[in-house]
Amino acid sequence: MIYPVISTKNPIFFNSSKIPRNQERCSKLSSFQSRSIFRSFHHQNPGIKPKTQFLNPVIGTNLGEVSVRKGKKKKESLWQQGCQEMLGLCGLGYWVQGFRCFPWLALNFHMAYNLNLNPSTLQLVQNSGNLPMVAKPLFGILSDALYIGGAHRIPYICIGVLLQVLSWGQLALFPVAGQALPALMACVLLSNTGAAITEVAKDALITEYGQKHRITGLQSYAFMALAAGGILGNLLGGYFLVKLPPRMMFLVFSVLLSIQLVVSLSSNEECLGLARSLGPLSDLMIAISEDSIFRPLTWIVASIAMVPILSDSIFCYQTQCLHLNPSVIGMSRVIGQLILLSLTVLYNRYWKQIPMRKLIGVVQILYASSLLLDLSLVREINLSIGIPNEVFALCFSGLAETLAQFKILPFSVLLATLCPRGCEGSLTSFLASALCLSSIVSGFWGVGLAAMLGIRSSDYSNLPVGILIQFLAALLPLGWIHHVPMSQPVEKKRKKGMSKRNRKTRRIGRVVVGSVFAYRRERESDAQK
């Protein structure tokens, strides 16, 4: 029988839970001595293998490190599951939001041809229908503070989608609702109320999730999904208007909203790991009072509100005077959404490094210049150079609207980065509400300008003057572009270092020479004492 050459009390060979401090020092020394004995034995007898059998050896492992690794893997799997669920939920939501142009295109043609509304009346109805969007801060505060069933984002998405299903379904299934203007306005208001609640909850969801998990660029992802929905909605809208009545388009959109409702109801907010927020109203007031938020917010709102929009007058001019096919108008918006998608991808990959003030200034100049393209169509300048009206409208009709939408993206990323914890829904909804209010004011300015210039269905002679006024008004915000910051704020990354505890719990199989010498010095000092 061969006895072991090393004491069996060595903790390297037994898994003991607690070891006294002085025994631990002795065990370290015996471990070092045992390695020396084995090395000398193998050097003197290279052909002989020791028959020593160790009980329960632990070779280069640490139970604490294994448990930490398992915990990290579990957290990573939960994070991946929550990320996929969030991207699917918000991706579908923003896609459906962009697809809203599909029923709205049918509604515009229904009001212009079936109800015979004037351009000013049509624009007045549309802007009045957008008034629920102004109430977005109220929905944002409720989303931040009021929890429904332990969640405060997904339930509001479900409520908003349900309201939209009721409004568009009523227009599709009950023809009387679309014939009388008061009933039509009630359905439009109900639809926009639901859309406002849904948009607030989605914007707050991606902002809060991005801040919690330190993910940037979710706003760009939302814009891509929005543009993709707009591309398909306008593409199918122009085709369906020729083949089917508007009621069928309302029914198709109601079915899509029902699918979104089912997906939202099956989602679980606990997988996203969103924490409860406190004091949204006070945090919102503090956040808005900050110059870094207030100044760019003021600029973007003013740059939209001060430009009188004549979109419905130009729409009626294209359909009534130029007799453009609905498919041409739908395809022009498809091209505009494709341009928006391309601009969003370029911004997300390359243009974030460009100073924000410079980028916004260039976009604003391009936006003002694109408004003059409608002047070329009205004055028939395109015909003089050999470009047909259909081709010109197809390529350039939706460019101004595309640039106006893209201009919002850098500000959305900026405010999402600066948004304090706990008021994600309040601040993002306040931004959306301010932008919607500015667009409503812009639309009312356009109605007043059209009435002052005498632009109506029977007379478009003063439409070029209105377009020139639009161009000059779009250049005015460049005078105070210094309110826009030079660059986007960058989050500081945490330095990845090894803590003292991690250094102590490194694998036993690794022998560090420095630690051995430190241990020898410690033993010598104890012996001298």
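All residue numbers refer to position in the chain's written sequence, counted from 1. With the structure being a predicted model, the display of local features is reserved for residues of pLDDT at least 70 and the display and counting of side-chain atom pairs for 80 or more, all residues being used for whole-chain, interface and lining totals. Side-chain figures throughout are based on the complete set of non-hydrogen atoms in the structure, without hydrogens or water.

If you check an unreviewed UniProt entry, the chain appears there as Major facilitator superfamily (MFS) profile domain-containing protein from Gossypium darwinii.

## Section: the packing of aromatic side chains
Centres within 6.5 Å make a pair out of two Phe, Tyr or Trp rings, where for Trp the six-membered ring is used; the pair is then stacked when the planes are under 30 degrees apart, edge-to-face when over 60, and tilted otherwise. Inspection of the entire model under this criterion finds 14 aromatic pairs. When the ring of Trp-95 is compared with that of Phe-99, the centres are 5.2 Å apart and the planes differ by 15°; the resulting orientation is stacked. Each residue is assigned to one of three classes by its accessible area relative to the maximum for its type, calculated with a 1.4 Å probe on protein chains only: buried under 20%, partly exposed between the two thresholds, exposed over 50%. Owing to a relative accessible area of 23%, Trp-95 belongs among the partly exposed residues under this scheme. Here a set of aromatic residues connected by ring pairs shows up, and it is made of Trp-95, Phe-99, Phe-102, Trp-104, Trp-168, Tyr-239, Phe-240, Phe-250 and Phe-253.

## Topic: the packing of helix 6 (residues 154-173) against helix 10 (residues 246-265)
Here an angle of 0 to 180 degrees is reported between the N-to-C directions of two axes, which are lines fitted to C-alpha atoms, with helices fitted over the stretch in contact. Runs of E in the DSSP output that reach at least two residues are strands. Runs of H or I that reach at least four are helices, and both are numbered from the N terminus. Two elements in contact, helix 6 and helix 10, have axes whose closest approach is 8 Å; the angle formed by their N-to-C orientations is 160°. The angle between the axes of helix 6 and helix 10 places the two elements in the roughly antiparallel class. The chirality of how helix 6 crosses helix 10 is left-handed. Here Ile-154, Ile-157, Cys-158, Val-161, Leu-162, Gln-164, Val-165, Trp-168, Gly-169, Leu-171, Ala-172 and Leu-173 of helix 6 lie close against helix 10, whose contacting residues are Arg-247, Phe-250, Leu-251, Phe-253, Ser-254, Leu-257, Ser-258, Gln-260, Leu-261, Ser-264 and Leu-265. Gly is put with the polar residues, along with every residue not named as nonpolar or charged; the nonpolar set is Ala, Val, Leu, Ile, Met, Phe, Trp, Tyr, Cys and Pro, and the charged set is Asp, Glu, Lys and Arg. When grouped by side-chain class, the residues that make up the contact of helix 6 with helix 10 number 16 nonpolar, 6 polar and 1 charged. Comment on the angle field: the value is read as roughly parallel under 35 degrees, roughly antiparallel over 145, roughly perpendicular from 65 to 115, and oblique elsewhere. If you view the pair so one helix is near and one far, a crossing is left-handed when the near helix is turned anticlockwise from the far one by less than a right angle, and right-handed when it is turned clockwise. Whether two residues touch is decided by their heavy atoms; if any such pair falls within 4.5 Å, the residues are in contact.

## Remarks on the pattern of salt bridges
Any carboxyl oxygen of Asp or Glu within 4 Å of a side-chain nitrogen of Lys or Arg constitutes a salt bridge here. Applying the stated criterion to the full structure yields 1 salt bridge. Note that Glu-199 is salt-bridged to Lys-136, the shortest N-O span being 2.6 Å. Residue Glu-199 is found in helix 8 (residues 181-212), and its partner Lys-136 is found in helix 5 (residues 136-145); the two are separated by 63 residues along the sequence. Side by side, Glu-199 and Lys-136 carry an identical accessibility label, which is buried.

## A short note on the side chain of Ser-264
Checked against the element boundaries, Ser-264 lands in helix 10. Residues in contact with Ser-264, not counting those within four places in the same chain, are Leu-89, Ile-154, Ile-157 and Cys-158.

## Looking at the side chain of Gln-470
Take Gln-470: it is sitting in helix 21 (residues 463-475). Setting aside its immediate chain neighbours within four residues, Gln-470 contacts Val-307, Pro-308, Ile-309, Leu-310 and Leu-371.

## Remarks on a nonpolar patch on the surface
Distance thresholds for patches are 9 Å for like charges and 5 Å for nonpolar side chains (Val, Leu, Ile, Met, Phe, Trp, Tyr), applied to residues having over 30% relative accessible area and no salt bridge. Only the protein chains shown count as cover for residues, and all accessible areas are computed by the Shrake-Rupley method using a 1.4 Å probe. On the surface, a nonpolar cluster with roughly 620 Å² of combined accessible area is contributed by Leu-173, Phe-174, Leu-244, Met-248, Leu-251, Val-255 and Ile-259. Broken down by element, the residue count for the nonpolar patch peaks at 4 residues, all from helix 10. With respect to the helices and strands, the residue Phe-174 is situated in the loop between helix 6 and helix 7 (176-179).

## Here we look at the nonpolar core
Here, nonpolar core means buried Ala, Val, Leu, Ile, Met, Phe, Trp, Tyr and Cys residues that are tied together by side-chain atoms lying within 4.5 Å of each other. Counting 74 residues, the largest nonpolar core has Leu-107, Met-111, Trp-168 and Leu-463 as the members making the most contacts within it. Per-element tally for this core: the top contributor is helix 8, with 12 residues. Leaving out residues up to four positions away in the same chain, Leu-463 has contacts with Leu-310, Ser-313, Ile-314, Tyr-317, Val-378 and Ile-455. Of all hydrophobic cores here, the second largest spans 39 residues; its members include Leu-297, Ile-304, Tyr-367 and Ala-474.

## Overview of the packing of helix 6 against helix 8
The contact between helix 6 and helix 8 brings their axes to 8 Å, and the two run at 155°. Between helix 6 and helix 8, the interaxial angle falls into the category roughly antiparallel. Classified by chirality, the crossing of helix 8 by helix 6 is left-handed. The segment helix 6 lies against helix 8, with Tyr-156, Ile-157, Gly-160, Val-161, Leu-163, Gln-164, Leu-166, Ser-167, Trp-168, Gln-170 and Leu-171 engaging Leu-184, Cys-187, Leu-190, Ser-191, Thr-193, Gly-194, Ala-195, Ile-197, Thr-198, Ala-201, Lys-202 and Leu-205. Among the residues forming the contact of helix 6 with helix 8, the class breakdown is 14 nonpolar, 8 polar and 1 charged.

## A few points about helix 19 (residues 408-418)
Within helix 19, 9 of the 11 residues are buried, leaving the element largely enclosed by the surrounding structure. All of the buried residues along helix 19 are Ile-408, Leu-409, Pro-410, Phe-411, Ser-412, Val-413, Leu-414, Leu-415 and Ala-416.

## Focus on the confidence of the model for the chain
Looking at any residue, its pLDDT shows the predictor's confidence there, from 0 to 100. Per-residue confidence for the chain gives a mean pLDDT of 76; residues scoring 70 or more make up 73%. Confidence scores differ between elements of the chain, with helix 22 (residues 500-504) showing the lowest mean pLDDT of 42 and helix 21 the highest of 93. For the stretch residues 1-43, pLDDT sits under 50, and the model shows 39 contacts to residues farther than four places along the chain or on other chains. The low-confidence segment residues 51-61 (pLDDT under 50) makes 15 contacts with residues lying over four places distant or belonging to another chain.

## Regarding the UniProt feature "transmembrane region" (unreviewed entry) in the chain
UniProt positions are given in the numbering used here, feature names are shortened, and annotations may be inferred rather than shown by experiment. Residues given the UniProt feature "transmembrane region" (unreviewed entry) here are residues 221-242, 297-315, 327-347, 430-455 and 467-486. The annotated region residues 221-242 carries 100% helix and 0% strand content, and the separation between its end C-alpha atoms amounts to 33 Å. Each end of residues 430-455 is marked by a C-alpha atom, and these two atoms are 34 Å apart; helix forms 92% of the span and strand 0%.

## Looking at unusual backbone geometry
With phi around 55°, His-323 is a residue other than glycine that occupies positive phi space. Examined against the element boundaries, His-323 turns out to sit in the loop between helix 13 (311-321) and helix 14 (326-349). The class of His-323 is exposed, set by a relative accessible area of 60%. Although it is not a glycine, Glu-380 adopts a positive phi angle of roughly 60°. Within the secondary structure, Glu-380 is located in the loop between helix 15 (356-378) and helix 16 (381-384). Exposure remark for Glu-380: the relative accessible area of 43% places this residue in the partly exposed category.

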